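Reading the structure
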Amino acid sequence: MSDGMTDDTTGAAEGPHGGTDPVLSLSSVDSGYGEVQVLDDCSVRLDPGEIVCLVGPNGAGKSTVLKTAFGMLTPWTGTVEYHGRDIGGMAPEEIVREGIGYVPQTDNVFGSLTIDENLRMGGVARDGSLEEVIETLYDRFPIIDEKRGSKAKTLSGGQRQVLAFARALVMEPDVLLIDEPSAGLAPNTADDVFEDVKEVNDMDTAILMVEQNVTKGLGISDRGYVLDQGTVRFEGTPEELLNDEEVSQLYLGG
Amino acid sequence: MTVLGYLANGLVFSSIIVLGSIGLSLVYSIADFANFAHGDTMTIGAYSALVTFGAVGGLGGAVLGLPYGFFVALVVGIAVAAVVAVATEKLIYEPLDVDSIGLLITSIGIAFIYRAVIQIRFGSDFTRFDVRPLRPIEALVPYGVRITLHDVAIFGSAVALVVGLHVLLQYTDLGRKMRAMADNPDLARVSGIRTKRVKLWTWVIGAGLAGAGGVFLGLFNQLAPRMGFNLLLVIFAAVILGGIGSVYGAMAGGFLIGMINQLTPFFSNVVEALPIRPNWLATVIENMITIEYANAIAFVIMVVVLLVRPNGIAGEAAT
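We now turn to the structure provided with this report. (Residues numbered from 1 in each chain as written. Chains lettered and ligands numbered in written order. Predicted model: local features only at pLDDT ≥ 70, side-chain atom pairs only at ≥ 80, totals over all residues.)

Let's talk about the overall build of chain A
To keep things clear, this is the line we draw: A helix here means a DSSP run of H or I that spans at least four residues, while a strand means a run of E at least two residues long, and both kinds are numbered starting from the N terminus. The atom set for the radius of gyration is the C-alpha atoms, and the globule formula is 2.2 Å times the number of residues raised to the power 0.38. Remark: C-beta atoms are placed from the backbone, and a residue is labelled buried if 20 or more other C-beta atoms sit within 10 Å of its own, exposed if 12 or fewer do, or partly exposed between those counts. Residues are defined as contacting one another if the C-beta atoms placed from their backbone atoms lie within 7 Å.
From N to C terminus, chain A includes 11 helices and 10 strands. A compact globule built from 254 residues would reach a C-alpha radius of gyration of about 18 Å, and chain A, at 18 Å, matches this within 12%. Seen through its C-alpha atoms, chain A measures out along the principal axes to roughly 55 × 40 × 35 Å. Looking at the 254 residues of chain A, the share that counts as buried comes to 47%. Intrachain contacts of chain A at a sequence separation of at least 6 include 68% that bridge at least 24 residues.

Comments concerning the overall build of chain B
Helix and strand content of chain B: 12 helices and two strands. Scanning chain B from its N terminus toward the C terminus, one meets helices and strands in the order α-α-β-β-α-α-α-α-α-α-α-α-α-α. In terms of C-alpha radius of gyration, chain B reaches 20 Å, essentially the compact-globule figure of 20 Å for 319 residues. With the C-alpha coordinates aligned to their principal axes, the bounding extent of chain B is approximately 65 × 55 × 40 Å. Taking all 319 residues of chain B together, 50% fall into the buried category.

With respect to the sheet that holds strand β6 (residues 100-103) of chain A
All names here are of chain A. Under the convention used in this document: Two strands are said to pair when DSSP picks up at least two bridges between them. Where helices are involved, their axes are fitted lines through C-alpha atoms of the stretch in contact, as for all axes, and angles between N-to-C directions lie from 0 to 180°.
As summarised here, the arrangement of the six strands in space is β6-β7-β8-β3-β9-β10, forming an open sheet in which the pairing is mixed. Of all the strands in the sheet, just β6 and β10 (231-236) have a single pairing partner and so form its edges. In this sheet, adjacent strand axes meet at a mean angle of 20° when their direction is disregarded. When strand β3 (residues 51-55) meets strand β8 (residues 206-210), the two strands line up parallel, connected through four bridges. Bridge pairing links valine 52 to leucine 208 in β8. Most of the contacts of helix α7 (residues 157-169) go to β6, to which it runs at about 160°, and overall it touches β6 and β7 (175-179). The strands touched by helix α8 (residues 187-202) are β3, β7 and β8; relative to β8, the strand with the most contacts, the crossing angle is about 150°.

Concerning the sheet that holds strand β1 (residues 24-33) of chain A
Residue and element names in this part refer to chain A. Spatially, the four strands line up as an open sheet ordered β2-β1-β4-β5, and their pairing is antiparallel. Two strands bound the open sheet, and with one partner strand each, they are β2 (36-46) and β5 (85-86). Two strands pair when backbone bridges link them, and β1 and strand β4 (residues 77-82) are joined in this way by five bridges, in the antiparallel orientation. Residue pairing for β4: leucine 24 is matched across the bridge by tyrosine 82. Contacting β1, β2 and β4, helix α2 (residues 62-69) runs over the sheet at an angle of about 110° to β1.

What to know about the interface of chain B and chain A
Test applied: Under the scheme applied here, ten amino acids are nonpolar (Ala, Val, Leu, Ile, Met, Phe, Trp, Tyr, Cys and Pro), four are charged (Asp, Glu, Lys and Arg), and all others, including Gly, are polar.
With 14 residues of chain B at the interface, the matching set in chain A holds 20 residues. Those elements giving two or more residues to the side of chain B that touches chain A turn out to be α6 (173-183) and α7 (185-190) of chain B. The element that contributes the greatest number of residues to the side of chain B that touches chain A is α6 of chain B, accounting for five residues. Grouping the amino acids of the side of chain B that touches chain A by side-chain chemistry returns four nonpolar, four polar and six charged.

Focus: the pairing of β8 of chain A
For a regular strand, side chains alternate in direction, first toward one face of the sheet and then toward the other. Residue and element names in this part refer to chain A. The buried fraction of β8 amounts to five of the five residues, a majority that puts the element mostly inside the structure. A two-sided burial pattern is seen for β8, the buried positions comprising Ala206, Leu208 and Val210 on one face and Ile207 and Met209 on the other. In the sheet, β7 pairs with β8 via five bridges, with the strands oriented parallel. Looking across to β8, one finds that valine 175 is bridged to alanine 206.

Brief notes about the nonpolar core
Inclusion rule: The nonpolar core is taken to be a set of buried Ala, Val, Leu, Ile, Met, Phe, Trp, Tyr and Cys residues joined by way of C-beta atoms within 7 Å.
By size, the foremost hydrophobic cluster in this structure holds 171 residues, and its most contacted members are Leu177 of chain A together with Leu19 of chain B. Counting residues per element, this core draws most heavily on helix α1 (residues 3-31) of chain B, which supplies 16 residues. Aside from chain neighbours lying at most four places away, what touches leucine 19 of chain B is Ala158, Leu161, Leu209, Ala210, Ala212, Gly213 and Phe216 of chain B.

Some remarks on α8 of chain A
Residues and elements named next belong to chain A. Quick reminder of the rule: Each residue after the first adds 1.5 Å to the expected span of a helix. Throughout, the arc means that of the directions going from the helix axis to the C-beta atoms.
A rise of 1.5 Å per residue sets the reference length of α8, with its 16 residues, at 22 Å; its end C-alpha atoms lie 23 Å apart and thus fit the reference within 8%. Within the sequence span of α8, burial applies to Ala190, Val193, Phe194, Val197 and Val200. Projected onto a plane normal to the axis of α8, the buried residues spread over an arc of 115° and lie on a single side. Pointing more than 90 degrees away from the buried face of α8 are the exposed residues Asn188, Glu195 and Asp202. Looking at the buried positions of α8, the neighbouring elements they touch are α7, β7, β8 and α9 (214-219). Directly after α8, the chain includes aspartate 204, whose backbone phi takes a positive value near 70°.

Considering the packing of helix α3 (residues 68-96) of chain B against helix α4 (residues 100-122) of chain B
All names here are of chain B. Stated formally: Should the near helix be turned anticlockwise from the far one by less than a right angle, the crossing is termed left-handed; should it be turned clockwise, right-handed.
Two numbers describe how α3 lies on α4: the axes approach to 10 Å, and their chain directions differ by 145°. In terms of crossing hand, the pair formed by α3 and α4 is right-handed. Contact residues: α3 offers Thr88, Ile92, Tyr93 and Leu96, while α4 offers Gly102, Leu103, Thr106 and Ile110. In the contact of α3 with α4, the residues fall into five nonpolar, three polar and no charged.

So, the packing of α6 of chain B against helix α8 (residues 195-220) of chain B
Residue and element names in this part refer to chain B. Test applied: The labels follow the angle: roughly parallel below 35 degrees, roughly antiparallel above 145, roughly perpendicular from 65 to 115, and oblique for the rest.
Across the interface, α6 lies against α8 with an axial gap of 10 Å and an inter-helix angle of 105°. The angle between the axes of α6 and α8 places the two elements in the roughly perpendicular class. On the side of α6, the interface is formed by Leu174, Lys177, Met178 and Met181, while α8 contributes Thr195, Val198, Trp201 and Thr202. Along the lines of polarity and charge, the residues of the contact of α6 with α8 split into five nonpolar, two polar and one charged.

Structural notes on the pairing of β1 of chain A
Residue and element names in this part refer to chain A. Judged from the seven bridges that link them, β1 and β2 form a sheet pairing that is antiparallel. Bridge assignment links serine 31 to a residue of β2, and that residue is leucine 39. Adjacent in sequence and paired antiparallel, β1 and β2 are bridged by two residues, among which glycine 34 carries a positive phi angle near 60°.

Brief notes about unusual backbone geometry
Among all residues except glycine, the phi angle is most often negative; among peptide bonds, the trans geometry is most common. Residues and elements named next belong to chain A. Of note, the phi angle at histidine 83 is positive, near 50°, even though the residue is not glycine. Counting through the fold element by element, histidine 83 comes out in the loop between β4 and β5. Judged by local crowding, histidine 83 falls into the partly exposed class, with 15 C-beta atoms found within 10 Å. With a phi angle near 50°, aspartate 107 is a residue other than glycine that sits in the positive phi range. Inspection of the secondary structure assignment puts aspartate 107 in the loop between β6 and α4 (115-122).

Structure, rendered in structure tokens:
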């Protein structure tokens, strides 16, 4: 059953963005930290405009997928392609310039810099004036607009997460990688953050996200992957994954 | 001398310590590197200025008792210190690709190399800039302040450099990138900051200021191959006192350590005046608080401050 499901969806012909080339794809990637292998023949794709959620047990390699896609880890084997171009092993500061943004799970703002300076840092790789794009972001996220001149370390958890998104969005990336947006947030705040993720997605930014909160994470996603031991075990629409008995029992806590 | 006199001397000596502390702190916070060659970078600045001044001479006029040629020499001292530091980073530290402890140990070796090269060329004796020594400024002598125009030049230049650095850090793109890197190097790269380039600029600025500090130290005292290395411990104390990794903390720490250093004779006067009993204790304390122990006293005060504020003056309460 599970095999059949994977086959169905790898083609993605029926998906919401079916038939297009992926913006980002990892193909048969092995990767890890130093000598320790984490990803084992892992393949993940992200189509234009999609939200894709990576779920799975701790240590499954979810964050490692993002780090390998963003050049913080170099794939040992396999390829990372962005719009068909191999970017495997490119440095993060160069990948940003290609059009991919990354929001780390922790320490994702510059605490000793002001909100305004954080956003400016998000745009160091942009040519020309930042004012316009930063004003647009303030309009979109009024919660940080009020605190432009404050140090980022004075923000609450939810506000920090919003600033972290905004920092990554200054580059107007067409792919955003988000590592556990709801980590450490109160449930209400987490809901707001998921709303923000959807809103970012509505601006034509494809999102590949790791999320511990499976129901909510998949709830806003177009597709999901279940990772275990560094490889993709299941792939499908949120409904398929949430309703699959094997997936539920093995990976989603029943 | 009066309290004012000691304070004035403290200001001048602090200026030199602050110039040294800033670079050590910048490189520590941005390149994650406790650079033991920093003191010898100051020496390089001083000797480069010595050679330049010997070559260009006075160049006519003078400001604050210093010939124009001296300021040319100062700029060359700053530039050579910066170039040597950048070359060392590019040729040695960066290719080595070791962790911060490895870099620290390497930098001790580099310090020896810098010093040995200077010693081969100039010998190990003291030397001086060929500038006419000045008498203390007459108008200040009645207040017990015996400083020369040279001291004013040292203080003024240091203030200008520190203000310049502040403007750079707060209001320029490079400065913001430097602060971002000091805050969170991983996020800096994720944001697209080309960190290697910023690191090189950090070396330029840190070593340049150290070079200036070295030139002024040579003017304040004299030049010797060990001049910078001898000051290194004091500079480390200043940086730790200020809160390691904080540039503004390093400024504050450098100021305090320099002040304490020069105020030591004043402290000993105060102690002498105190009715300390028994007499042997008074004698012990009086013998401890003498100029020979100025650095030791600075370290004791550093330890006391760290007991109260373990992360230094500007350090965060928790990390």
